[in-house]
Amino acid sequence: MILLDRVTKSYNNRGTALKSVSLHIEPKEFVIIVGPSGAGKSTLLKLLTREEKPNSGKIIVSGIDYETLKDRSIPMLRRRIGVVFQDYKLLPHKNVFENIAFALEIVGMGNREIRHTIPRVLTIVGLTGKEKNFPSELSGGERQRLAIARAVVRQPKILIADEPTGNLDPKHAWDVIRVLEKINKYGTTVILTTHNQEIVNKLKRRVITIKDGQIISDRAGGAYK
Amino acid sequence: MKRKLILLKRVLGAGLKNFVRNSWLSVAATAVMVVALIIILSTVVLNVTARNAITDLSKNLQVSVYLKDSASPSDVKRLQNDLLLNKYVSSVSYVSSAEAQQQFSQSYQNDQQLLESLALVGSGSLPASLEVSVSNLSKMQEVGAIPLEPTYNSTVDSVTLGKTDVKKTITRAASAQHYITTVSLGLAIVFAVVSMLIIFNTIRMAIFTRAEEIRIMKLLGATPSYIRGPFLVESSIYGVIAGLIAASLVMAAIYSLLGKVSTQSEFSATYSLFTQHRIVVAMYVGAVLVGILVGIISSMFAMEKHLKLKNW
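Residues numbered from 1 in each chain as written. Chains lettered and ligands numbered in written order. Predicted model: local features only at pLDDT ≥ 70, side-chain atom pairs only at ≥ 80, totals over all residues. Heavy atoms only, no water.

## A few points about the overall build of chain B
Here comes step 1: Helices and strands together make up the secondary structure of chain B, namely 11 helices and 4 strands.
Here comes step 2: Compactness check: chain B gives a C-alpha radius of gyration of 32 Å against a globular reference of 20 Å for 312 residues, more than 25% above the reference.
Here comes step 3: Oriented by its inertia axes, the alpha-carbon framework of chain B measures out at about 100 × 40 × 35 Å.
Here comes step 4: At a minimum sequence separation of 6, the contacts of chain B that also span at least 24 residues come to 84%.
Here comes step 5: If you sum the accessible surface of chain B, you get close to 16,800 Å²; carbon and sulfur atoms cover 64% of it. (Helix = DSSP H or I, 4+ residues; strand = E, 2+ residues; numbered from the N terminus. Rg over C-alpha atoms; globule rule 2.2 N^0.38 Å. Contact = heavy atoms within 4.5 Å. Areas by Shrake-Rupley, 256 points an atom, 1.4 Å probe, with all protein chains shown as cover.)

## Structural notes on the domain arrangement of chain B
When the parts of a complex come together, some accessible area is lost, and that lost area is often taken as the interface size.
Here comes step 1: Taken as a whole, chain B is organised into domain 1 (2-56 + 168-306) and domain 2 (63-161).
Here comes step 2: Taken over C-alpha atoms, the centre of domain 1 of chain B sits 54 Å from the centre of domain 2 of chain B. (Domains from an automatic or database assignment.)

## Side note on the packing of aromatic side chains
Here comes step 1: Within this structure, the stated rule accounts for 2 aromatic pairs over all chains.
Here comes step 2: For the pair Tyr255 of chain B and Tyr271 of chain B, a centre-to-centre distance of 6.3 Å together with 85° between the ring planes defines the contact as edge-to-face. Of this pair, Tyr255 of chain B sits in helix H9 (residues 224-260) while Tyr271 of chain B sits in helix H10 (residues 265-274), placing them 16 residues apart in sequence.
Here comes step 3: Between Lys89 of chain A and the ring centre of Phe85 of chain A, over which it is positioned, the NZ or CZ distance is 5.4 Å. (Phe/Tyr/Trp six-rings, centres within 6.5 Å; stacked < 30°, edge-to-face > 60°. Lys NZ or Arg CZ within 6 Å of the ring centre and 35° of its normal.)

## Considerations on the sheet that holds strand E3 (residues 129-134) of chain B
All names here are of chain B.
Here comes step 1: Pairing is antiparallel in the open sheet, where 4 strands are placed in the order E2-E3-E1-E4. Where the open sheet ends on each side, the last strands, each with one partner, are strand E2 (89-95) and strand E4 (156-161). Going from strand to strand, the sheet's axes swing by 15° on average, the running direction of each strand aside.
Here comes step 2: On the sheet, helix H3 (residues 73-85) packs against strand E1 (62-67), E2, E3 and E4 and is oriented at approximately 160° with respect to E2. (Pairing = 2+ DSSP bridges. Axes fitted to C-alpha atoms, helices over the stretch in contact; angles between N-to-C directions.)

## As for the pairing of E3 of chain B
Residues and elements named next belong to chain B.
Here comes step 1: Within E3, 6 of the 6 residues are buried, which leaves the element mostly enclosed by the surrounding structure.
Here comes step 2: A two-sided burial pattern is seen for E3, the buried positions comprising Ser129, Glu131 and Ser133 on one face and Leu130, Val132 and Val134 on the other.
Here comes step 3: As judged from the 6 bridges shared by E2 and E3, these two strands associate in the antiparallel manner. Bridged to Val89 within E3 is Val134. (Buried < 20%, exposed > 50% of the residue type's maximum accessible area, 1.4 Å probe, protein only.)

## Considering the nonpolar core
Here comes step 1: Residues Ile100, Ile148 and Leu180 of chain A together with Met283 of chain B are the most contacted members of the largest nonpolar core, which totals 88 residues.
Here comes step 2: No other element matches the 13 residues that H9 of chain B contributes to this core.
Here comes step 3: Core analysis: the second largest hydrophobic core is formed by 30 residues, Val7, Ile33, Leu48 and Ile160 of chain A among them. (Core = buried A, V, L, I, M, F, W, Y, C linked by side-chain atoms within 4.5 Å.)

## Considering the sheet that holds strand E5 (residues 64-65) of chain A
Residue and element names in this part refer to chain A.
Here comes step 1: Read from one edge to the other, the open sheet built from 4 strands follows the order E2-E1-E4-E5, with strand pairing classed as antiparallel. The strands lining the two open edges of the sheet, one partner per strand, are strand E2 (15-25) and E5.
Here comes step 2: Each of strand E1 (2-11), E2 and strand E4 (56-61) is contacted by helix H1 (residues 41-48), which is oriented at about 120° to E1, the strand it contacts most.

## Points about helix H8 (residues 211-220) of chain B
All names here are of chain B.
Here comes step 1: Across the 10 residues that make up H8, a large majority, 7, are buried.
Here comes step 2: Every buried residue belonging to H8 is among Glu213, Ile214, Ile216, Met217, Lys218, Leu219 and Leu220, and all of these are buried.
Here comes step 3: Downstream of H8 by one or two residues, Gly221 has phi in the positive range, about 100°.

## Observations concerning empty space enclosed by the protein
Here comes step 1: Inspection of the entire model under this criterion finds 1 cavity of 30 Å³ or more.
Here comes step 2: If you add up the space inside the largest cavity, you get close to 90 Å³.
Here comes step 3: Forming the walls of the largest cavity are 13 residues, and the residues nearest its centre are Ile81, Gly82 and Val83 of chain A together with Leu219 and Leu220 of chain B.
Here comes step 4: Those elements giving two or more residues to the lining of the largest cavity turn out to be helix H2 (74-80), strand E6 (81-84) and helix H5 (140-152) of chain A together with H8 of chain B.
Here comes step 5: Its residues placed into classes, the lining of the largest cavity shows 8 nonpolar, 1 polar and 4 charged. (1 Å grid on protein atoms, 1.4 Å probe; cavity = no way out; pocket = protein on both sides within 12 Å on 5 of 7 lines; lining within 4 Å. Points joined across faces, edges and corners; volume = space filled by probe spheres on them. Nonpolar A, V, L, I, M, F, W, Y, C, P; charged D, E, K, R; others polar.)

## Thoughts on the environment of Leu85 of chain B
Residues and elements named next belong to chain B.
Here comes step 1: Along the polypeptide, Leu85 turns up in helix H3.
Here comes step 2: Residue classification places Leu85 among the exposed positions, given a relative accessible area of 70%.
Here comes step 3: Along the backbone, Leu85 and Gly259 are 174 residues apart, and their C-alpha atoms lie at a distance of 41 Å.

## Description of the pattern of salt bridges
Residue and element names in this part refer to chain A.
Here comes step 1: Going through the model one piece at a time under the given rule, you end up with 17 salt bridges over all chains.
Here comes step 2: A salt bridge links Lys171 to Asp175; the nearest nitrogen and oxygen atoms lie 3.2 Å apart. In this pair, Lys171 and Asp175 both sit in helix H6 (residues 170-185), 4 residues apart, roughly one turn of the helix.
Here comes step 3: The exposure class assigned to Lys171 is exposed, which follows from its relative accessible area of 56%.
Here comes step 4: The shortest N-O distance in the salt bridge between Asp218 and Arg206 comes to 2.8 Å. Within this pair, whereas Asp218 is found in strand E10 (residues 214-219), its partner Arg206 is found in strand E9 (residues 206-211), the two being separated by 12 residues in sequence.
Here comes step 5: A network of salt bridges, in which partner residues are shared, links Glu29, Arg206 and Asp218. (Salt bridge = Lys/Arg side-chain N within 4 Å of Asp/Glu carboxyl O.)

## Considerations on the environment of Ala28 of chain B
Here comes step 1: Within the fold, Ala28 of chain B resides in helix H2 (residues 23-58).
Here comes step 2: On a C-alpha basis, the gap between Ala28 of chain B and Val11 of chain B in space is 23 Å, while along the polypeptide they are 17 residues apart.

## Side note on the side chain of Arg154 of chain A
Here comes step 1: Here Arg154 of chain A lies in the loop between H5 and strand E7 (158-162).
Here comes step 2: Look at Arg154 of chain A: it is buried, it has no salt bridge, and the nearest opposite charge is Glu105 of chain A at 10 Å.
Here comes step 3: Polar contacts involving the side chain of Arg154 of chain A include one to the main-chain carbonyl oxygen of Ala103 of chain A, which spans 2.8 Å.
Here comes step 4: From its side chain, Arg154 of chain A meets the backbone oxygen of Leu220 of chain B in a polar contact 2.5 Å long.
Here comes step 5: Beyond its immediate stretch of four places on either side in the chain, Arg154 of chain A contacts Arg78, Arg79, Ala103, Leu104, Ile106 and Val107 of chain A together with Leu220 of chain B. (Lys, Arg positive; Asp, Glu negative; His and termini not counted. Polar contact = N/O pair within 3.5 Å; in protein donor to acceptor, adjacent residues only side chain to side chain.)

Written out as structure tokens, the structure reads:
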């Protein structure tokens, strides 16, 4: 499903963010990536969504080799990967329904189909009844669940969640994690980055630890080191 | 296909929404474009008017060859044939002394004193002449030189270039046409550039306002054309509205101003040309197309500089 082979990424002003990283993630896996700030976690995720290009190495996602990926095909790649950001990246002038619909509108889904699809995803993330609320009227946890709803509404095979619990209190953080687990149970590969030790230790999933741009451990059923 | 139509509909809708959302900037951008288009259209109309007027006036270009009383009919005939050999001579007509007098009397029938003086001098006081119509203003000298050749010394008394003030009028009209073209083209360029700058800024501001939305669109997998589309639609709307207003104002000017002088032969051809159905349609279509072109070029520049769609 996801293969990174000796991937290196360096920036002119910040030095090397990732040093010859190799990684293999199977379909339907739930993988947690941990590491201190500046370790290279976000760079890794940006490479997967093709926001960044590696300096060397190979990346293959769902059979797509990024080396041969044309710029015009990037939108199609991104439609296969759902992304959840720490800062939500919701549109403040759109309500819950419209924020989710936005992801479907840009791929040309008809209005009737959108109206039919959104209630299902709202049920999954537990936001039924909040359709008309604007992001400013939601709690942090609700906003993050809305961001997850938008990321999964197109039923991507991969969901990347970049520190989705970073701004949340423990209760809301667990709400978000439960939603991610539910989505993983439906068959979506989930890649989660987090600093939250308690979450990592309780989830008992595969944990990849990155430090100074290198993978220092990769263990199934692992814990925060 | 269905998805593409849905996307097209959404792009059009978003463009229209942007246009309404930036209403004040939209009004400014449209207004300046209206001025630019009016100048462009007026340049065309004024040029056509001047050219038609010159063509009409040129019909009256005449070289008058006054004949001596002693000129023999055979010499006059020879001169007449010689003149007709020149390709810029469209016709040569003989006006006898009596006919000249009759024309003079008709022209000055209200000036009793002048007519009485003429009667006093006698019927043969005006010379016979050859009236030579010339098709090209600049060739009048050349045509006028033919009767002045030595061989016609005994036939020709004098030659006058331009029987009336037509020559001066045409020269003035030609230089005015040149002046109008230069000035209006200059103005059209200035206003077109100003209007492009305003649209450029309008689109730039729209891009800045929607920067976060555009970034999210990119991350969610929107195609570059879906992101660019609304901006192109917005700037095209400026062009369409400006084109329609400019063409309407110019047409109103044609009907009201040119309509007043349409009975004069110099302007009748122009008036009937610009009131033809197909020309009216062409003016509207032309103005709208130029407006859309100016709008699209400006927004393309703005998007190229600020949208950064190349850097995915």
